[in-house]
Amino acid sequence: MGTQYFGIQQQLNDGIRGLHLNITQGATGSDVSLCYPDCNAYNGGSLKDTLTVVKNWLDSNQRDVVTIFLESALLKASPAAVLKAFADSGIEKYAFK
């Protein structure tokens, strides 16, 4: 949730179609976490779990488009770990390539 009062699922249900996610390298090299402004202030869980929520929502709302902006300003997340989160969540089938 970070700077939002409602979780991702509720935001999508309410009509939000753009998500700005602040990502950072997780505890292991293959994890990516959502944190804002850092993980000490707010830890929003894993990127994979959030992408899974979006993927499941898109499964039920296939005529909608959701734009996801990823920002990794402070503690850079590994590009390989970000790609793994997308693959593991199953959301890749909806990605514009």
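That block above? That's the structure.
Keep in mind that what you see is a predicted model, and the values were worked out from it rather than measured. Within each chain, residues carry numbers counting from 1 in the order of the written sequence. Only residues with pLDDT of 70 or above have their local features reported here, since the model is predicted, and side-chain atom pairs are shown and tallied only from 80 upward, although totals for entire chains, interfaces and linings are computed over all residues. For the side-chain quantities, the full set of heavy atoms in the structure was used; hydrogens and water were omitted.

### Considerations on the sheet that holds strand S1 (residues 18-25)
Link 1 in the chain: If you trace the four strands from one edge of the open sheet to the other, you get S3-S2-S1-S4, paired in mixed fashion. Looking at strand neighbours, the two that pair on one side only are strand S3 (43-46) and strand S4 (67-71), the edges of this open sheet. Pairwise comparison of adjacent strand axes, ignoring direction, gives a mean angle of 40 degrees for this sheet.
Link 2 in the chain: For two strands to count as paired, DSSP must find a minimum of two bridges between them. Counting from the N terminus, the helices are the DSSP runs of H or I reaching at least four residues and the strands are the DSSP runs of E reaching at least two. Pairing of S1 with S4, which is carried by five bridges, proceeds in the parallel orientation. Counted as the bridge partner of Asn 22 is Glu 71 from S4.
Link 3 in the chain: Contact criterion: two residues are considered in contact whenever any of their non-hydrogen atoms come within 4.5 Å of each other. Between the N-to-C directions of two axes lies an angle of 0 to 180 degrees, each axis being a line fitted to C-alpha atoms and, for a helix, fitted only over the stretch in contact. Contacting S1, strand S2 (32-35), S3 and S4, helix H2 (residues 47-60) crosses the sheet at an angle of about 75 degrees to S3.

### Considerations on the environment of Gly 45
Link 1 in the chain: With respect to the helices, strands and loops of the structure, Gly 45 is situated in strand S3.
Link 2 in the chain: Measuring from C-alpha to C-alpha, the distance between Gly 45 and Val 32 comes to 8.6 Å, with 13 residues separating the pair along the chain.
Link 3 in the chain: Once residues lying within four places of it in the same chain are set aside, the contact partners of Gly 45 are Val 32, Ser 33 and Leu 34.

Any functional reading would require information beyond the geometric quantities listed.
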